Structure formats: structure tokens, C-alpha cells
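Report on the structure
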Amino acid sequence: MYVSARADYALRAMLAVADAAGSTGDGGYGGGELVKAASLAERQDIPLSFLQSILLDLRRAGLLHSHRGTEGGYALTRPAAEISVGDVLRAVGGALTSVRGMPAGHAGYHGVAAGLRDVWLAVDGAIALVVDRTTLADLLADRAAAS
């Protein structure tokens, strides 16, 4: 698995949005402050134009709501405990694991290399197990416990 800057930025942005709304006590959903893209970019040191593209992908994937206007910004669509790292990674990057630019399940081999497909599928499954079990709320709780 390769973690791109886009994936890293998306997770950092989602954590910042969840944290901003976390004062509601529901893990970053349904209240709290809306987070503006410019504020996210500055606080997370992410180029604003790049972040705007990422936020659009996260909104299209149903992970963020956007609210327009001077008081607008971004908020989670559901509690942070219901949004996994895997959800975010898939929203901005597609498949978790790729082989030659294609999802691991599309890799095809023959002859002596025929067993490689099973290896790549096992790697993909192991990665999915970790990222699908880890939620934004877990990461925020880990940070709070370390403070």
C-alpha cells in the first residue's frame, strides 16, 4: 500500500473537521463549528487548491456536508465513530491496494507467477482489516489519551 499525499491530507482534513465538531459530545457530528477550507489548509499545512479538490471528493463520497455563505464550511455527514480510515482512503484514492495501477483483484498471472494474485489479495485484505476497523473517533481518542 502506498499512502499518497492526497490520502494523508484527506485524513488530516477529516480529523480536523471531526475535532472541531467534537465539542458536541457525539464524536464530531451534527453540531459544533463548521470548518472553512482556508482554515483547514492553514492549520494542516495543505495547499488550499489541492485541499479544495480533496474536499470535493469527500463530499461526493458522502463523508462531508458543505454549507455555503460567510458562516459556511464543512461538517461530517455522520459521527466520527462511523467513518473509518478506509472510507476516507477509498473516497480519495479508490482501491486500497493496487498492482500495476489496477485493484489487486484485477491482477492476472499465469505460469510460475500464478500464486501472486492470491498474495496481493491477502495483502489487500490485511490492509482493509486495519483501516476499516480504525475510525476517526479512534484516532481522536488516541490523541486525547496521549495528551
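In this report, we go over the structure that sits alongside the text. Everything numeric here is computed off the predicted structure, so don't read it as measured data.

Below, the discussion takes up the overall build of the protein. When you go through the protein residue by residue, the secondary structure sums to six helices and four strands. Starting at the N terminus and ending at the C terminus, the protein contains elements arranged as α-α-α-β-β-α-β-β-α-α. The proportion of buried residues among the 147 residues of the protein is 35%. The contacts of the protein with a sequence gap of at least 6 include a subset with a gap of at least 24, amounting to 61%. For the protein, the accessible area works out to roughly 8200 Å², and carbon and sulfur atoms hold 54% of it.

In this section: the pattern of salt bridges. Overall, the coordinates contain four salt bridges when judged by the stated rule. The salt bridge involving R6 is made with D57; its shortest N-O contact spans 2.3 Å. One end of the pair, R6, is in helix α1 (residues 5–21); the other, D57, is in helix α3 (residues 48–60), with 51 residues separating them in the sequence.

What follows concerns the environment of T70. Within the fold, T70 resides in the loop between β1 (64–67) and β2 (73–76). Put simply, T70 and S53 are 17 residues apart on the chain and 20 Å apart in space, counted from C-alpha to C-alpha.

This part takes up helix α5 (residues 116–133). Its 18 residues give α5 an end-to-end C-alpha distance of 26 Å, which sits within 8% of 26 Å, the value for a rise of 1.5 Å per residue. Contacts from the buried residues of α5 go to α4 (85–93).

A separate point is the packing of helix α2 (residues 37–44) against α3. Close contact between α2 and α3 brings their axes to 9 Å; oriented N to C, the two are set at 120 degrees. The orientation of α2 relative to α3 falls into the category oblique. Considering how the two elements wind past one another, α2 and α3 form a crossing that is right-handed. Contact residues: α2 offers A37, A38, L40 and A41, while α3 offers L48, L51 and L55. Among the residues forming the contact of α2 with α3, the class breakdown is seven nonpolar, no polar and no charged.

Our next topic: unusual backbone geometry. For D45, which is not glycine, the phi torsion reads 55 degrees and is therefore positive. Tracing the chain through its elements places D45 in the loop between α2 and α3. Owing to a relative accessible area of 65%, D45 belongs among the exposed residues under this scheme. The backbone phi angle of R100 is positive, close to 55 degrees, even though this residue is not glycine. Relative to the helices and strands, R100 is located in the loop between β3 (98–99) and β4 (102–103). Looking at R100, the relative accessible area reads 58%, which means it is exposed.

What counts, and at which threshold
- Positions within a chain are numbered from 1, following the residues in the order the chain's sequence is written.
- Only residues with pLDDT of at least 70 are given local features in this predicted model, and only at 80 or more are side-chain atom pairs given and counted; all residues enter the totals for whole chains, interfaces and linings.
- Side-chain metrics rest on all non-hydrogen atoms present in the structure, leaving aside hydrogens and water.
- Secondary structure elements are defined from DSSP: runs of H or I of at least 4 residues count as helices, runs of E of at least 2 residues count as strands, and each element is numbered from the N terminus.
- Exposure is judged per residue with a 1.4 Å probe applied to protein chains only, and the accessible area is read against the type maximum: over 50% gives exposed, under 20% gives buried, and values in between give partly exposed.
- Should any heavy atoms of two residues lie within 4.5 Å, those residues are counted as being in contact.
- For the area figures, the Shrake-Rupley method with a 1.4 Å probe applies, and any residue is considered shielded solely by the protein chains shown.
- Take a side-chain nitrogen of Lys or Arg and a carboxyl oxygen of Asp or Glu: if they are within 4 Å of each other, that pair is a salt bridge.
- In this analysis, the expected span of each helix is defined as 1.5 Å times one less than the number of residues it contains.
- Between the N-to-C directions of two axes lies an angle of 0 to 180 degrees, each axis being a line fitted to C-alpha atoms and, for a helix, fitted only over the stretch in contact.
- When an angle is under 35 degrees it counts as roughly parallel; over 145 it counts as roughly antiparallel; between 65 and 115 it counts as roughly perpendicular; any other value is oblique.
- For a crossing to be left-handed, the near helix must be turned anticlockwise from the far one by less than a right angle; the clockwise case is right-handed.
- When residues are grouped by polarity, Ala, Val, Leu, Ile, Met, Phe, Trp, Tyr, Cys and Pro land in nonpolar, Asp, Glu, Lys and Arg in charged, and all others, Gly among them, in polar.

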